[in-house]
Amino acid sequence: SFANLQDSENPPPQMPSDITYPNYALLLFGTYCQSCFKVPGPFVHWAGRLRFCLACIDKKTISTADPTVTGLWLQCPAWSLKLPKGKGRCLYIKEDCERVLQEKGRLKDNQTLLNDFTEAQIKVCQERSEHASLCSRWAQGLWKKRKKDLNSMRLERQRQVSVKLRAEGWGPELDFLGPDGIANLPGADKAQALTERIWSNILPALIEFLEEIRVIRLERERNDLIQCRMEMLYPRYEEYLQTRPHRLPHPAFADICGEEPFRALIFSTPADDHSPLPKPDQLKNDFAKASKAWVESRSQMLEALLPSNCPRLDIAATFFRCQWCTEPISYPRILKHSCLSTSKIRSKPSDEDLELYKYAWRGWPWNLGGDQVEFNEEAAGYARDIISVCGADPQEVSAEAMNELDCRVECLRCSQGVRKVRLAMRWTTA
């Protein structure tokens with residue numbers, strides 16, 4: 001009963017004397033429009049003491065700014081309603097306006113009665129407005145309390161879901177999601193008590209969701225672990241390179257990560273091993289062995305590209321071409337060519353190199369994909385001609401031997417030009 005409501009935690013304002021209990025209860029707690037009787041009726045004109053649906057707002061109310069009701073301010077109850085799309089309007093009840101205008105028209109010839117009527121309307125309007133403010137604040141408080149209660153129910157349900165899932169071994173996934181992520185679990189963000197029946201209904205969806213989260217979590221943890229180990233190894237490798245002659249080829253950091261024992265150290269060492277690097281002397285020996293193995297394996301890869309008229313990598317007429325630039329590149333300089341460790345790959349890496357490519361750090365592995373280098377037949381042909389002019393055998397002589405010969409060759413085309421200057425150069429320049 002209404003009397004019991006007055007003793008509640010958030011009692012409504014006292015019922016005015018000019019309204020019945022049923023109508024006041026409908027105004028305070030109703031869900032349907034008092035004009036068309038359709039549900040929902042969420043818009044309450046507290047001063048007019050009527051509840052409307054959106055469709056009836058335009059039919060049953062009129063804006064206080066309408067020219068036809070200009071003289072009715074403070075004589076008819078007005079109330080501001082927040083409508084959809086953020087629109088706010090201050091409105092009269094049309095029926096009230098029509099009644100007041102009609103009465104004022106009837107009394108227009110009797111100023112005394114008109115003044116008395118106007119004063120009475122102002123008093124009624126003031127009382128309505130004061131009571132409407134109380135009702136509005138009460139409704140806001142009721143809405144906030146309801147929102148707080150619903151939120152408490154959601155949090156309690158999320159807590160219960162979390163406890164049950166942790167008991168089934170999903171603790172790491174819940175920790176990965178974090179406190180705010182628990183609400184995203186299927187069926188966890190409802191303002192409803194978690195019964196055993198509801199739990200059995202939502203459990204399959206929860207497990208499916210958490211299995212996906214587990215994949216993401218493990219991948220993230222592995223990525224963090226690998227990046228951490230690469231960051232540990234990188235400065236040690238840089239220190240090692242400072243002790244090596246710069247003219248010699250050496251693997252880039254991405255390549256050294258792909259050589260044993262460093263591939264196993266980075267990709268296979270258990271996660272609970274927080275100090276996987278060996279002692280400095282052992283690490284130096286490992287770098288040397290890995291570098292040697294890398295040079296040998298890449299050299300074998302290049303040997304497979306040699307044509308029949310170029311029997312070895314170390315002969316002076318051996319030249320390669322990078323797919324990213326036009327410069328002829330000799331061996332072993334091709335092993336240090338920067339394009340092959342910085343350019344994007346042209347094809348998908350092999351399964352063996354896929355993880356290395358995915359976690360590549362400080363550049364890509366050399367010639368990743370295996371299709372960025374080819375033998376440069378054009379440059380090799382020119383080199384054979386120049387070597388023959390120098391009196392050496394193009395099939396046998398090495399670049400080092402050609403440098404020891406220190407021959408000079410002359411460009412006959414330039415010598416026969418207009419300037420009549422004889423141009424001589426080393427064999428590499430030619």
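A look at the overall build of the protein chain
Then, in step 1: Looking only at helices and strands, the protein chain has 15 helices and ten strands in total.
Then, in step 2: Across its three principal directions, the C-alpha atoms of the protein chain cover 135 × 70 × 35 Å.
Then, in step 3: Burial analysis of the protein chain (430 residues in total) assigns 37% to the buried set.
Then, in step 4: Considering only contacts within the protein chain whose residues lie at least 6 apart along the sequence, 59% involve residues at least 24 apart.
Then, in step 5: The centroid of the 59 positive side-chain charges in the protein chain is displaced by 6 Å from the centroid of its 57 negative side-chain charges.

Overview of the packing of helix α5 (residues 111-167) against helix α7 (residues 196-242)
Then, in step 1: Close contact between α5 and α7 brings their axes to 11 Å; oriented N to C, the two are set at 65°. As summarised for this structure, α5 and α7 are arranged roughly perpendicular, according to the angle between their axes. The interaxial crossing formed by α5 with α7 has right-handed handedness. Between α5, through R157, V161, K164 and L165, and α7, the contact on the second element is made entirely by E196, I198, W199, I202, L203, L206 and L210.
Then, in step 2: Of the residues that constitute the contact of α5 with α7, the class distribution is eight nonpolar, no polar and three charged.

Some words on the sheet that holds strand β5 (residues 88-93)
Then, in step 1: Taken together, three strands build an open sheet; the order of strands is β3-β5-β4 and the sheet is antiparallel. This sheet does not close on itself; its edge strands, each paired only once, are β3 (61-63) and β4 (78-82). Pairwise comparison of adjacent strand axes, ignoring direction, gives a mean angle of 45° for this sheet.
Then, in step 2: Pairing of β4 with β5 involves five bridges; the strand directions are antiparallel. For L81, the partnering residue across the bridge sits in β5 and is R89.
Then, in step 3: Along the sheet face, helix α4 (residues 94-106) touches β3 and β5 and points at about 50° away from the line of β5.

Here we look at the environment of L356
Then, in step 1: As for its placement among the helices and strands, L356 is situated in helix α12 (residues 351-358).
Then, in step 2: Separated by 16 residues in sequence, L356 and L340 place their C-alpha atoms 15 Å apart.

Topic: the environment of D180
Then, in step 1: By the secondary structure assignment, D180 is in the loop between α6 (171-177) and α7.
Then, in step 2: Exposure remark for D180: the relative accessible area of 70% places this residue in the exposed category.
Then, in step 3: Between the C-alpha atom of D180 and that of A317, which follows or precedes it by 137 residues, the distance is 66 Å.

Looking at the sheet that holds strand β8 (residues 373-375)
Then, in step 1: Strand order in the open sheet made by the three strands is β7-β6-β8, with antiparallel pairing throughout. Across the chains shown, the open sheet's two edge strands, defined by having one partner strand only, are β7 (328-330) and β8. The sheet shows a mean angle of 45° between the axes of neighbouring strands, taken without regard to direction.
Then, in step 2: Bridging between strand β6 (residues 319-322) and β8 involves three bridges; their strand directions are antiparallel.

A look at the confidence of the model for the protein chain
Then, in step 1: In the predicted model, the protein chain carries a mean pLDDT of 86, and the fraction of residues at 70 or more is 92%.
Then, in step 2: Confidence scores differ between elements of the protein chain, with helix α1 (residues 2-5) showing the lowest mean pLDDT of 62 and α6 the highest of 94.

Digging into a nonpolar patch on the surface
Then, in step 1: On the surface, Y32, F37 and V39 cluster together into a nonpolar patch covering about 330 Å² of accessible area.
Then, in step 2: Positionally, F37 belongs in the loop between α2 (21-29) and β1 (43-45).
Then, in step 3: Owing to a relative accessible area of 59%, F37 belongs among the exposed residues under this scheme.

Cut-offs and rules
- Residues numbered from 1 in each chain as written.
- Predicted model: local features only at pLDDT ≥ 70, side-chain atom pairs only at ≥ 80, totals over all residues.
- Heavy atoms only, no water.
- Helix = DSSP H or I, 4+ residues; strand = E, 2+ residues; numbered from the N terminus.
- Buried < 20%, exposed > 50% of the residue type's maximum accessible area, 1.4 Å probe, protein only.
- Contact = heavy atoms within 4.5 Å.
- Lys, Arg positive; Asp, Glu negative; His and termini not counted.
- Charge placed at Lys NZ, Arg CZ, Asp CG, Glu CD.
- Axes fitted to C-alpha atoms, helices over the stretch in contact; angles between N-to-C directions.
- Parallel < 35°, antiparallel > 145°, perpendicular 65-115°, else oblique.
- Left-handed = near helix turned anticlockwise from the far one by under 90°.
- Nonpolar A, V, L, I, M, F, W, Y, C, P; charged D, E, K, R; others polar.
- Pairing = 2+ DSSP bridges.
- pLDDT = per-residue confidence, 0-100.
- Patch = residues over 30% accessible without salt bridge, like charges linked within 9 Å, V, L, I, M, F, W, Y side chains within 5 Å.
- Areas by Shrake-Rupley, 256 points an atom, 1.4 Å probe, with all protein chains shown as cover.
- Salt bridge = Lys/Arg side-chain N within 4 Å of Asp/Glu carboxyl O.

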